[in-house]
Amino acid sequence: MKAKTSPPKQLRGGAPLWADSPRISVRHHTKLEPLTCEIVIVGAGISGAIAALMLTENGHDVVVLDRRAPVTGSTLASTAMIQYEIDTPLSELADKIGARKAERAYRRAFQGNVSLRKLAERHDIACALKDRDALLLAGNEMGARALHAEADYRARIGLPATFLNQADLRERFGFDRTGAILSSGNAELNPAQYAAGALRAAQALGARIYSPHDVKDIVASDKHVALRMTTGMAVIAQKVVFATGYETLPQIPKQKYDIVSTWAIATKPLPPDAFWPTRCLVWEASDPYLYMRATADNRIVVGGEDADVSSPEKRDAATGRKSQRLLAKLQKLLPGRDLKIDYAWSGAFADSPTGLPYLAPLDHMPNCFALLGCGGNGITFSAIAGELITAWAAGRRDPDADLFE
Ligand SMILES: Cc1cc2nc3c(=O)[nH]c(=O)nc-3n(C[C@H](O)[C@H](O)[C@H](O)COP(=O)(O)OP(=O)(O)OC[C@H]3O[C@@H](n4cnc5c(N)ncnc54)[C@H](O)[C@@H]3O)c2cc1C
C-alpha cells in the first residue's frame, strides 16, 4: 500500500503559555541518512514521546521523526487537565456503546492517568505534575439531578466520585451552582515539559530523534514499512506508529470525528488568596463549556468556547473575541478578583461522538498503528495508546484494544 501525506497544517495560533517554559527543547539529529530500524514513530508530541519511552523501556529500537521541532505541535497548546472523566458522561457513553464497554473505558482512563504519573516518576520527569481533584459543575447540559445520577453510577463501578449539592458546593468551594461532581484520580501538568522529558528519557534508553523531517510516502507490506521523506530519503522499519496528532494521512479512512477549534487564556500571576479551595480542576456540564485550572506559577488557565471552525485563519481571527468571552466567564465564576489576560491562544482539536479516540493497528496497512481523534482527554489517551502500542509491538493484544478500534 502506497500513499502520500497531507501538507503541514497550522495546528495552533496565538501565544501558548507553555512556549515560555524552561526544559522544553530536545536535542535531535537534523541530518538524516537512509536508515533501518525496528520501530519508527512519526510525531514528536506528547503521544509520540510517551510511545517512544514505553517502547524503549521494553527494549525496542526506536526512531522518532517529526516535520517540526520536537514538542511544537498541538502539545504546546494543551491546557493539560489530566482527567479520567471522558468528555462524554459515563451514563451517556453507556447508552452509546453499551454499559460494560463504557465502564471499561472509564476504568481504563483512570488507569491511564496512573500510568502517566508512574512513567513521570520512573524517569524523574520534572513537569509540575500534581494530583488534583476535579469538580464538574452543573450547567445547561447536565443539571443537579443528572449529575447526581452520574456520580452514583461512577461510584458504583468503583471510581472515586461524589455528588455535592448546592449548599455543599457553596460551602466547600464557593461556587454558586445547583450541584457538582467531585472526583479524585485527576492531575495537572506542563504538557511541553512532560513530552520533552519523556523524549529525553527515551533518548537515554537509545531512541534517536530526527527533525525537521517530513514523512511523505508510505509503502507498507507484511515484511516492513518504507517511509519516504520529502527529501527523497528512505527510512525502513519493521513497524511504524503514526502519532501525528490532528494531521492525518489521506489514505487512513476517516474515523468518526471532526476537527474543531478551541481557545484558551492564562491570566497574569495572582496572589494565593485569589484561588478557589484546593485548586482543583473545574469544568462545566455546559455547551459551549468552560474549564479552568491553576498553574505552578499562580496563574489561572481557562479554556473552552469550542466551535466548528476548521480554518486556522478564522480560528486566529476569533482569538481576541473568544479570549474576552473566556475572561468574562471566569470573572463571573470568581468575582472580585483582578484578572488580566497574559497569554491567549487557540488550537485544532478532535470532537468524536463518543469522546473516545481511535488507537489501533490499521487493517489495510500492515505493521502500522495510528492514534486518531484524541480530544479533551488527549493526554490520558496518549498514555493508554503507549500501552496498546507496547502490547502490539510485542505481538500481544491489550485486553481493552476493542474500545479504541
Ligand atoms: C487548546 C487545547 C487544549 C487542550 N486541553 C487538553 C486537556 O486539558 N487535557 C488533555 O488531556 N488534552 C487536551 N488537549 C488535547 C491534547 O493536547 C492533544 O491530544 C495532544 O497534545 C496531542 O498530542 P500529539 O502528540 O498526538 O500531537 P502533536 O503534539 O500535534 O504532535 C504530533 C506531531 O506529529 C508531527 N507530524 C504530523 N505529520 C507529520 C508528517 N507527515 N511527518 C513528520 N511529522 C509529522 C507534527 O509536526 C507534530 O509535531 C488540548 C488540545 C488543545 C489544542
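Residues numbered from 1 in each chain as written. Predicted model: local features only at pLDDT ≥ 70, side-chain atom pairs only at ≥ 80, totals over all residues.

Now for the overall build of the protein. Scanning the protein from N- to C-terminus turns up nine helices and 19 strands. A buried classification covers 51% of the 405 residues belonging to the protein. (Helix = DSSP H or I, 4+ residues; strand = E, 2+ residues; numbered from the N terminus. Buried ≥ 20, exposed ≤ 12 C-beta atoms within 10 Å, placed from the backbone.)

Attention now goes to the environment of I259. Within the fold, I259 resides in strand β13 (residues 258-267). Placed 88 residues apart in sequence, I259 and G347 show a C-alpha to C-alpha distance of 10.0 Å.

Moving on, we come to helix α3 (residues 99-122). Taking 1.5 Å of rise per residue, 24 residues should cover 34 Å, and α3 covers 34 Å from first to last C-alpha, within 8% of that figure. Buried residues belonging to α3 abut α1 (46-57), β5 (81-82), α2 (90-97), β8 (179-188), α6 (191-204) and α9 (378-393). In the stretch just after α3, D124 is the one whose phi turns positive, near 55°. (Expected span 1.5 Å × (residues − 1). Contact = placed C-beta atoms within 7 Å.)

As a further point, take the domain arrangement of the protein. In terms of domains, the protein is made up of domain 1 (2-77 + 192-255 + 355-404) and domain 2 (258-351). Taken over C-alpha atoms, the centre of domain 1 sits 28 Å from the centre of domain 2. With 14 residues of domain 1 at the contact, the number on the domain 2 side is 16 residues. A per-class count over the side of domain 1 that touches domain 2 returns seven nonpolar, six polar and one charged. (Domains from an automatic or database assignment. Nonpolar A, V, L, I, M, F, W, Y, C, P; charged D, E, K, R; others polar.)

Residue S211 is joined to P212 through a cis peptide bond whose omega torsion reads -5°. With respect to the secondary-structure elements, P212 resides in the loop between β9 (208-210) and β10 (215-220). The residue after D287, namely P288, is reached through a cis peptide bond having omega -5°. Within the secondary structure layout, P288 lies in the loop between β14 (281-284) and β15 (290-294). A positive phi angle is found at D124, which is not glycine, with a value near 55°. Taking the number of C-beta atoms within 10 Å as the measure of exposure, D124 has 8 and is therefore exposed. Of note in the backbone geometry, T278 takes a positive phi value of approximately 65° without being a glycine. Looking at the element boundaries, T278 is found in the loop between β13 and β14. On the basis of neighbour counts, which here come to 13 C-beta atoms within 10 Å, the residue T278 falls in the partly exposed class.

Further remarks concern the pairing of strand β17 (residues 341-351). Pairing analysis gives three bridges linking strand β2 (residues 12-14) to β17, with the strands arranged antiparallel. What sits directly across from R12, in β17, is G347. Relative to β17, β13 runs antiparallel, the two sharing ten bridges. Note on β17: the bridge partner recorded for I265 is A344. (Pairing = 2+ DSSP bridges.)

This part covers the site of the ligand. In the vicinity of the ligand there are 40 residues, among which G45, G73, G245, G347 and G378 approach most closely. Going through the elements one at a time, α1, β5, β13, β17 and α9 are the ones with two or more residues in the shell around the ligand. A breakdown of the residues in the shell around the ligand according to their chemical character gives 16 nonpolar, 19 polar and five charged. Each of domain 1 (2-77 + 192-255 + 355-404) and domain 2 (258-351) accounts for three or more of the residues forming the shell around the ligand. (Near = placed C-beta within 6 Å.)

Attention now moves to the packing of α1 against α9. It is at 8 Å that the axes of α1 and α9 come closest, and there the two elements cross at 40°. As the angle between them shows, α1 and α9 are arranged oblique. Judged by the twist between their axes, the crossing of α1 over α9 is right-handed. Contacts from I46, S47, I50, A51, M54 and L55 in α1 reach I379, S382, A383, A385, G386, E387, I389, T390 and A393 in α9. Taken together, the residues of the contact of α1 with α9 break down into ten nonpolar, four polar and one charged. (Axes fitted to C-alpha atoms, helices over the stretch in contact; angles between N-to-C directions. Parallel < 35°, antiparallel > 145°, perpendicular 65-115°, else oblique. Left-handed = near helix turned anticlockwise from the far one by under 90°.)

Looking now at the pairing of β13. Summarising burial for β13: seven of the ten residues are buried, a large majority. Bridging between β13 and strand β16 (residues 300-307) involves five bridges; their strand directions are antiparallel. Paired with S261 across the bridge in β16 is A307.

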